[in-house]
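# Structural features, examined
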Amino acid sequence: MAASAYPPPPPYYRLYKDYAENPDSAPAPPPPIVGTYTSYGSNYTTDDVLPSLEEQGLRQLYPSGPSVDYKKELRALNRELSFQFLELSDVLVERPSQYARRVEDMGLILRNMHHLLNSLRPHQARSTVIHLLELQIERRKKAVEDIRRKREEVRQLLQESLSALHGHMSDGQDGGTMDGGMEVALVDHVSRPNNEIKNYGFSAAQTYR
């Protein structure tokens, strides 16, 4: 059976050419696959479970159980792999016809190491999500601090403007002051407490993603 690295799209895509204008003209998508399936010549399963070495027909070289010390076992397997490599070098010189057994032993050790590393994938996924969430929180905190700093700068600018405008109006005719409504509005904006930003600062920080 011939295989292509980039096969053409399946022919039934033509059934959906009028889908944008009339969604009812196309057949419904197939149901989700449950169980095993084949893709590009390899068998896969929809169950996200790491198969054991015994299920793959391999001998497990490290102890089983939830209390496995991954670091200790990986170091032990790595030392054994280095020893087997030295043995292979010696066999190739002294007994070349017996090299196949050493190569098979090295392959078994590498598969055990690979299986141990795959067992750490769930922990790696959790750690990656935690790290991403910590980065998002840090960016949002920085965004809130930026908003507070800008608000303080605007507050100081309003205070200076209010003082200058008040002084200018005081120097006017009969020592009159600025319009009462304008002054009250400026004072209201300037004198708002800093903690008001807590009501909207976090949502504003979401724009800093």
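You'll find the protein chain entered in an unreviewed UniProt entry as Mediator of RNA polymerase II transcription subunit 7, with Riccia sorocarpa given as the organism. Per its UniProt entry, the protein chain bears the Sequence similarities (unreviewed entry) comment "Belongs to the Mediator complex subunit 7 family." Among the UniProt annotations of the protein chain, the heading Function (unreviewed entry) holds the following wording: "Component of the Mediator complex, a coactivator involved in the regulated transcription of nearly all RNA polymerase II-dependent genes. Mediator functions as a bridge to convey information from gene-specific regulatory proteins to the basal RNA polymerase II transcription machinery."

Helix and strand content of the protein chain: 5 helices and 2 strands. Starting at the N terminus and ending at the C terminus, the protein chain contains elements arranged as β-β-α-α-α-α-α. Taking all contacts inside the protein chain whose residues are at least 6 apart in sequence as the whole, residues at least 24 apart take part in 58%. When the accessible surface of the protein chain is split by element, carbon and sulfur atoms take 57% of a total near 16,900 Å².

Another aspect to go through is helix α1 (residues 70-94). Counted at 1.5 Å a residue, the expected span for α1 with its 25 residues is 36 Å, and the 36 Å between its end C-alpha atoms agrees. The complete set of buried residues in α1 reads E73, L74, L77, L81, Q84, L88 and V91. Buried residues in α1 make contact with α2 (99-119).

Bringing the UniProt feature "coiled-coil region" (unreviewed entry) in the protein chain into the picture now. When the UniProt feature table is mapped onto this chain, "coiled-coil region" (unreviewed entry) is found at residues 130-164. In residues 130-164, helix accounts for 100% and strand for 0%; the two terminal C-alpha atoms are 51 Å from one another.

One broad trend across soluble globular proteins is that nonpolar side chains are buried collectively. Listed in full, the 11 residues of the largest apolar core are L53, Y62, V68, L74, L77, L81, L88, M106, I109, M113 and L116. Elements supplying a minimum of two residues to this core: α1 and α2. Residue contacts for L81: discarding those within four places in its chain leaves M106, I109, L110 and M113.

Rules and cut-offs
Residues numbered from 1 in each chain as written. Predicted model: local features only at pLDDT ≥ 70, side-chain atom pairs only at ≥ 80, totals over all residues. Heavy atoms only, no water. UniProt positions renumbered as here; feature names shortened; annotations may be inferred. Helix = DSSP H or I, 4+ residues; strand = E, 2+ residues; numbered from the N terminus. Contact = heavy atoms within 4.5 Å. Areas by Shrake-Rupley, 256 points an atom, 1.4 Å probe, with all protein chains shown as cover. Expected span 1.5 Å × (residues − 1). Buried < 20%, exposed > 50% of the residue type's maximum accessible area, 1.4 Å probe, protein only. Core = buried A, V, L, I, M, F, W, Y, C linked by side-chain atoms within 4.5 Å.

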